[in-house]
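# Structural features, examined
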Amino acid sequence: MKRIGIYGGTFNPPHIGHIKAAESMSRIIQPDTFLIIPDFLPPHKSFDGMVSADDRLNMCKLAFSHVNNVHVSDIEIKRGGKSYTSCTLEELSADDRELYFLCGSDMFLTLSDRGIEYDDILYINNSAVGILVFDDYYFLINTRTDIGIEIIYDIVDILIRE
């Protein structure tokens, strides 16, 4: 099973918090491929003052270049329009892949506002495992259990020790 790390966001601009989250996920999950995916148009944010998608893509290439197995993907930029996580995860899912998803609390907390339930995202192809970011709290979530979502690893202590 191939491990795919996925970190999507606006990255306007990418900052140290984004980088630390990506470094932690890479170290803990050790994905075969780690995709950094800047969105084209975020459905949960205003476009006022937003840097162009191409500039954000290039900033991400610079900011995340040192992270193991990272590839900055333009999948959502090429798709155009509003970038929905569920569409991207569905496109990336496959029977031979285990998806690990990292997102900011700003995006996660607005999923239900946009009519997208987090279960829809985490259960894509019934194989997704996700890392969810809640401000300074990071949790590894196992969604493949009979009881639904179960926190199986709390990485806050690891980040504090860094």
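What you see is a predicted model; the values in this text were computed from it and never measured.

Rules used throughout
- Residues numbered from 1 in each chain as written.
- Predicted model: local features only at pLDDT ≥ 70, side-chain atom pairs only at ≥ 80, totals over all residues.
- Heavy atoms only, no water.
- Helix = DSSP H or I, 4+ residues; strand = E, 2+ residues; numbered from the N terminus.
- Buried < 20%, exposed > 50% of the residue type's maximum accessible area, 1.4 Å probe, protein only.
- Contact = heavy atoms within 4.5 Å.
- Areas by Shrake-Rupley, 256 points an atom, 1.4 Å probe, with all protein chains shown as cover.
- Arc of directions from axis to C-beta.
- Phe/Tyr/Trp six-rings, centres within 6.5 Å; stacked < 30°, edge-to-face > 60°.

What follows concerns the overall build of the protein chain. The number of helices and strands found in the protein chain is seven helices and seven strands. When the helices and strands of the protein chain are listed from N to C terminus, the series reads β-α-β-α-β-α-α-β-α-α-β-β-β-α. The buried share of the protein chain, taken over its 162 residues, is 49%. The long-range share in the protein chain, meaning contacts at least 24 apart out of those at least 6 apart in sequence, stands at 67%. Accessible surface, the protein chain: about 8300 Å² in total, of which carbon and sulfur atoms supply 49%.

Let us look at helix H2 (residues 53–63). Residues of H2 that are buried: Ala53, Arg56, Leu57, Cys60 and Ala63. Seen along its axis, H2 keeps its buried residues to an arc of 130 degrees; they face one direction. In this fold, the buried residues of H2 make contact with helix H1 (16–29), strand E2 (33–38), strand E3 (70–72) and helix H3 (75–79).

This part is about the packing of aromatic side chains. To describe a pair of aromatic rings, you give the distance between the ring centres and the angle between the ring planes. Inspection of every chain in the model, using the stated rule, returns three aromatic pairs. For the ring pair Tyr7 and Phe64, a centre distance of 6.3 Å and an interplane angle of 75 degrees mean the geometry is edge-to-face. One end of the pair, Tyr7, is in strand E1 (residues 2–9); the other, Phe64, is in the loop between H2 and E3, and 57 residues separate them in sequence. When its relative accessible area of 5% is taken as the criterion, Tyr7 is described as buried.

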